[in-house]
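Survey of secondary and tertiary structure
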Amino acid sequence: MLTLFARSVFEDFGICHICITICVTLSSVIPLSLIVYYTEKFKVTFCVRGVISPLLANIYLHYALDLWFERVYRKSCTGYARLIRYADDFVVCFQYKADAERFRVELEQRLGKFSLEVEPTKTKAMEFGRFAVQNATKRGERPESFDFLGFTHYCSTRRDGTGFRMKRVTARKKFIAKLRIFKEWLKKARTLKTRELWGIAATKLRGHYNYYGVTDNYRGIMRFDQAVKRLLFKWLNRRGKRGCLNWEKFNVMLKRFPLPKPRIMVSMFGSPVNAM
């Protein structure tokens, strides 16, 4: 299977196309005059990377990309083809290389009609799947991996070592970014009462596990759990005299104010969720 990973550039959206798309989507529930008024306002208030950007990207690309792929391009493929998209990030899988190479050309033509383009530095075609593993092994190389929605997707095998299985682990960039965000919050919040600080930290950890706690990523969330505890120890130790909090006392705090344990929250294969 050949995978084409692409990211479209939302900054290049043509305002006239945004108006048309939103009108088509919302005209059944909002008067047309009201829609035109608000879409015209986008010329002034629209902000790239703002909270509304993913929503607009999702509405816009549904017509510019999703429907075109399902109704036109996929029917012309000689093998299996599938599009997976979230906002302006998407991965397209093809069974045959020829379909993938042709798609990249036609995709640029299709997006060009809507004043869009793919981001060349974040777009690549790669071989992925069980045959990719076999071919890479013959060349003495490792099969390629790709990042999508915060996860690094890589080729692997089942637990018993047989058969192909795509696995996921927290992407390195996302891991570092999430840890940096937690550190910046902790630096500002370390003066809070312990019970309050611990409660907020627990909520943040729980949210991280809810998203990244997917099948095969126990290693990723366990690393995050350990890194967060080291940060808590470091910054709480700076609230008083240096060295006032040792690891023995810190472990007592963990027992008194237990933090959520890392666990798999989502099964990618429909099987019961377990800790590993």
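Preceding block: the structure.
Quick notes on the rules
- Residues numbered from 1 in each chain as written.
- Predicted model: local features only at pLDDT ≥ 70, side-chain atom pairs only at ≥ 80, totals over all residues.
- Heavy atoms only, no water.
- Phe/Tyr/Trp six-rings, centres within 6.5 Å; stacked < 30°, edge-to-face > 60°.
- Helix = DSSP H or I, 4+ residues; strand = E, 2+ residues; numbered from the N terminus.
- Buried < 20%, exposed > 50% of the residue type's maximum accessible area, 1.4 Å probe, protein only.
- Patch = residues over 30% accessible without salt bridge, like charges linked within 9 Å, V, L, I, M, F, W, Y side chains within 5 Å.
- Areas by Shrake-Rupley, 256 points an atom, 1.4 Å probe, with all protein chains shown as cover.
- Salt bridge = Lys/Arg side-chain N within 4 Å of Asp/Glu carboxyl O.
- Expected span 1.5 Å × (residues − 1).
- Axes fitted to C-alpha atoms, helices over the stretch in contact; angles between N-to-C directions.
- Parallel < 35°, antiparallel > 145°, perpendicular 65-115°, else oblique.
- Left-handed = near helix turned anticlockwise from the far one by under 90°.
- Contact = heavy atoms within 4.5 Å.
- Nonpolar A, V, L, I, M, F, W, Y, C, P; charged D, E, K, R; others polar.

By convention here, two paired aromatic rings are described through the distance between centres and the angle between planes. Inspection of the entire model under this criterion finds 21 aromatic pairs. Aromatic pair Phe 69 and Tyr 73: ring centres 6.3 Å apart, planes at 25°, arrangement stacked. Here Phe 69 and its partner Tyr 73 are both found in helix H3 (residues 53–73), four residues apart, which amounts to about one turn of the helix. Its relative accessible area of 1% is what places Tyr 73 among the buried residues. Geometrically, the ring pair formed by Phe 128 and Phe 146 is edge-to-face, given 5.3 Å between the ring centres and 70° between the ring planes. Of this pair, Phe 128 sits in the loop between strand E4 (124–127) and helix H5 (130–138) while Phe 146 sits in strand E5 (residues 146–148), placing them 18 residues apart in sequence. Overall, Phe 146 belongs to the buried group, its relative accessible area being 7%. Taken together, Trp 68, Phe 69, Tyr 73, Phe 94 and Phe 103 form an aromatic cluster joined through their ring pairs.

Time to look at a nonpolar patch on the surface. On the surface, Met 265, Val 266, Met 268 and Phe 269 cluster together into a nonpolar patch covering about 330 Å² of accessible area. Position of Met 268 relative to the elements: it lies in the segment after helix H9 (247–256).

Moving on, we get to helix H4 (residues 97–112). Here H4 is 16 residues long and its end C-alpha atoms lie 23 Å apart, about the 22 Å a rise of 1.5 Å per residue gives. For H4, the set of buried residues is Asp 99, Ala 100, Phe 103, Leu 107, Arg 110 and Leu 111.

One can describe the packing of helix H6 (residues 172–189) onto helix H7 (residues 194–212) by two numbers: an axis separation of 11 Å at closest approach and a directional angle of 170°. Classified by the angle their axes make, H6 and H7 are roughly antiparallel. The way H6 lies across H7 gives a crossing that is right-handed. Judged by residue contacts, Lys 174, Lys 178, Phe 182, Trp 185, Leu 186 and Ala 189 of H6 engage Leu 197, Ile 200, Ala 201, Lys 204, His 208 and Tyr 212 from H7. When its residues are assigned to classes, the contact of H6 with H7 shows eight nonpolar, one polar and three charged.

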